[in-house]
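A structural walkthrough
What follows is each chain in one-letter form.
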Amino acid sequence: MQLTRIHPGTVKQITISILSEGDMYDVLTLLDGQSHDISPSALDDLKLLSAPIGEVRNWIREHPDFNDNFMPYLGKRIRSREALATDLGLYDAHTRLARLILRYVDSGDSSHQDKPGIEVRLLHDLSNETLAHMVGSARQVVNRHLQAMKKDGILHTENRRLIIDDLEKLQQEAQQLEQELQTGS
């Protein structure tokens with residue numbers, strides 16, 4: 001599921017988050033009780049479990065084991081929003097795209113160190129326009145940067161799936177600003 005915000009005047013949009021299995025939708029409303037102007041859209045077939053906000057708040061208060069899982073999840077969601085804000089404020093579109101791709105590489109699987117052919121989870125089948133909404137850019141800009149990454153041997157697409165061929169190079173692309181600051185470029 002994709003969560004987006006759309007400017008009513010310009011119709012410009014940004015993807016706030018892509019949710020996967022087990023993710024919660026609209027945690028902010030759960031926490032503060034205020035309405036949230038966000039548009040969900042299904043990217044694949046999905047099953048949804050819903051519960052009244054009051055009931056979920058009771059689960060949080062009354063069930064420590066639910067809370068033990070909820071609080072780290074909440075921290076992860078907040079860090080994800082912080083990463084989006086940081087990327088939009090500090091990095092150019094190429095670096096934001098590299099950072100986005102890296103976020104969706106399964107970091108828990110250490111078997112891809114220096115291994116080509118790493119599939120990027122959740123970003124498969126997404127259009128360049130959707131990727132552009134995720135990095136706050138235009139479709140044409142994202143397409144140009146993806147083509148440059150393909151030309152540089154960093155990644156390729158296979159049946160609309162994004163495959164990383166050189167994880168180290170991609171990590172270097174994602175750390176462009178830090179590298180420039182360290183070298184004084």
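Quick note: structure is the one above.
The text that follows walks through the structure, step by step, so that each part is easy to find. Please read these numbers as outputs of a predicted model, since none were measured by experiment.

For the pair helix α4 (residues 93-103) and helix α5 (residues 128-135), interaxial distance at closest approach is 10 Å and the crossing angle is 100 degrees. It follows from the interaxial angle that α4 and α5 lie roughly perpendicular. The segment α4 lies against α5, with R96, L97 and L100 engaging L131, M134 and V135. Per-class residue counts for the contact of α4 with α5 are five nonpolar, no polar and one charged.

On to the sheet that holds strand β1 (residues 2-6), then. The three strands lie next to each other as β2-β1-β3, forming an open sheet whose pairing is antiparallel. Since the sheet does not close on itself, it has two edges, and those belong to β2 (13-18) and β3 (39-41), each with one partner. Put simply, the sheet's adjacent strands are angled 30 degrees from each other on average, direction ignored. The sheet contact formed by β1 and β3 spans three bridges and is antiparallel.

This paragraph deals with the packing of aromatic side chains. Counted by the stated rule, this structure contains two aromatic pairs. Members of the aromatic cluster, joined through ring pairs, are W59, F66 and F70.

Rules of the game
- Residues numbered from 1 in each chain as written.
- Predicted model: local features only at pLDDT ≥ 70, side-chain atom pairs only at ≥ 80, totals over all residues.
- Heavy atoms only, no water.
- Axes fitted to C-alpha atoms, helices over the stretch in contact; angles between N-to-C directions.
- Helix = DSSP H or I, 4+ residues; strand = E, 2+ residues; numbered from the N terminus.
- Parallel < 35°, antiparallel > 145°, perpendicular 65-115°, else oblique.
- Contact = heavy atoms within 4.5 Å.
- Nonpolar A, V, L, I, M, F, W, Y, C, P; charged D, E, K, R; others polar.
- Pairing = 2+ DSSP bridges.
- Phe/Tyr/Trp six-rings, centres within 6.5 Å; stacked < 30°, edge-to-face > 60°.

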